[in-house]
Amino acid sequence: FFGKQRFIASIACLKRALYLDPFEWIISYNLGLVHLNTGQYASAFHFFSASVNLKPDFPSSYMYLAITLAKLDDFENSCSAYEKAIEMESDHLFHLNYALTLASNGEFAKARQQYDHAFRIFEGLDDDSKGADMEVVEQFDTLKVALEQSGA
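Residues numbered from 1 in each chain as written. Predicted model: local features only at pLDDT ≥ 70, side-chain atom pairs only at ≥ 80, totals over all residues. Heavy atoms only, no water.

**Student:** Account for the overall build of the chain, naming residues and giving values.
**Tutor:** The helix and strand tally for the chain stands at nine helices and zero strands. In sequence order, the secondary structure elements of the chain are arranged as α-α-α-α-α-α-α-α-α. The C-alpha radius of gyration of the chain comes to 16 Å, within 12% of the 15 Å expected for a compact globule of 152 residues. Summarising its shape, the C-alpha atoms of the chain cover approximately 50 × 35 × 25 Å along the three principal directions. Every one of the 152 residues in the chain was classed for burial, and the buried ones make up 39%. Relative to all contacts within the chain whose residues are 6 or more apart in sequence, the contacts with residues 24 or more apart total 48%. Of the roughly 8600 Å² that the chain leaves accessible, carbon and sulfur atoms contribute 51%. Where the 12 positive side-chain charges of the chain centre and where its 21 negative ones centre are 6 Å apart. (Helix = DSSP H or I, 4+ residues; strand = E, 2+ residues; numbered from the N terminus. Rg over C-alpha atoms; globule rule 2.2 N^0.38 Å. Buried < 20%, exposed > 50% of the residue type's maximum accessible area, 1.4 Å probe, protein only. Contact = heavy atoms within 4.5 Å. Areas by Shrake-Rupley, 256 points an atom, 1.4 Å probe, with all protein chains shown as cover. Lys, Arg positive; Asp, Glu negative; His and termini not counted. Charge placed at Lys NZ, Arg CZ, Asp CG, Glu CD.)

Below you can see the structure in the form of structure tokens.
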């Protein structure tokens, strides 16, 4: 349902799954993703927090928790969640999203460091991986322009 943009159906199915198995971390993670995509940040925070508590060794949960916290204007805790995700795994998306959050909060020097790190990792990917998500390429380009304009 989620892939077809049927968010209400996605939430309904996932809530039923959560009722049947409340300790399955991936259900909470997926509910967090749906709520994040629908702009329901408080609910997304709830489910990503549950996901992190149920499976603390899954770094993507920390990244999405960080994005959610940034949307809730909790910059400090957002940074902590990004750093935890990056500590666990160095992924270009973790660094890129962290750079975007830093730049959005005026931390351009730190954003430049994260951007550079993300770009180095991204350049090391094979061509199929690089072309798999054009939104990532657009975010790199947009952030690069913003960082150049800021002088970072």
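**Student:** Can you break down unusual backbone geometry residue by residue, with the values?
**Tutor:** Backbone geometry at Asp 73 places phi at a positive 60 degrees, although glycine is not the residue there. With respect to the helices and strands, the residue Asp 73 is situated in the loop between helix H4 (59–71) and helix H5 (75–88).

**Student:** Tell me about the environment of Asp 74, and please be specific about residues and values.
**Tutor:** Tracing the sequence through the fold places Asp 74 in the loop between H4 and H5. A C-alpha to C-alpha distance of 14 Å links Asp 74 and Gly 106, two positions 32 residues apart in sequence.

**Student:** Outline the nonpolar core, supporting the account with residue identities and numerical values.
**Tutor:** Counting 32 residues, the largest nonpolar core has Phe 48, Tyr 82, Leu 96, Tyr 98, Tyr 115, Phe 140 and Leu 143 as its most contacted members. Here Leu 96 is in contact with Ala 118, Val 136, Gln 139, Phe 140 and Leu 143, once residues within four sequence places are set aside. By size, the runner-up hydrophobic cluster in this structure holds eight residues, among which are Phe 7, Ile 11, Leu 31 and Val 34. (Core = buried A, V, L, I, M, F, W, Y, C linked by side-chain atoms within 4.5 Å.)

**Student:** An account of the packing of aromatic side chains is requested, with residue identities and associated values reported.
**Tutor:** In this structure the tally under the stated criterion is 11 aromatic pairs. Judged by centre distance (4.7 Å) and plane angle (50 degrees), the rings of Trp 25 and Phe 58 are tilted. Of this pair, Trp 25 sits in helix H2 (residues 25–37) while Phe 58 sits in the loop between helix H3 (41–54) and H4; the two residues are 33 residues apart in sequence, bridging distant segments of the chain. With a centroid separation of 5.8 Å and 15 degrees between ring planes, the pair formed by Phe 48 and Tyr 64 is classed as stacked. In this pair, Phe 48 sits in helix H3 while Tyr 64 sits in helix H4, placing the two residues 16 residues apart along the sequence. When its relative accessible area of 0% is taken as the criterion, Phe 48 is described as buried. Three or more aromatic residues joined by ring pairs form one cluster here, namely Trp 25, Tyr 29, Phe 48, Phe 58 and Tyr 64. (Phe/Tyr/Trp six-rings, centres within 6.5 Å; stacked < 30°, edge-to-face > 60°.)

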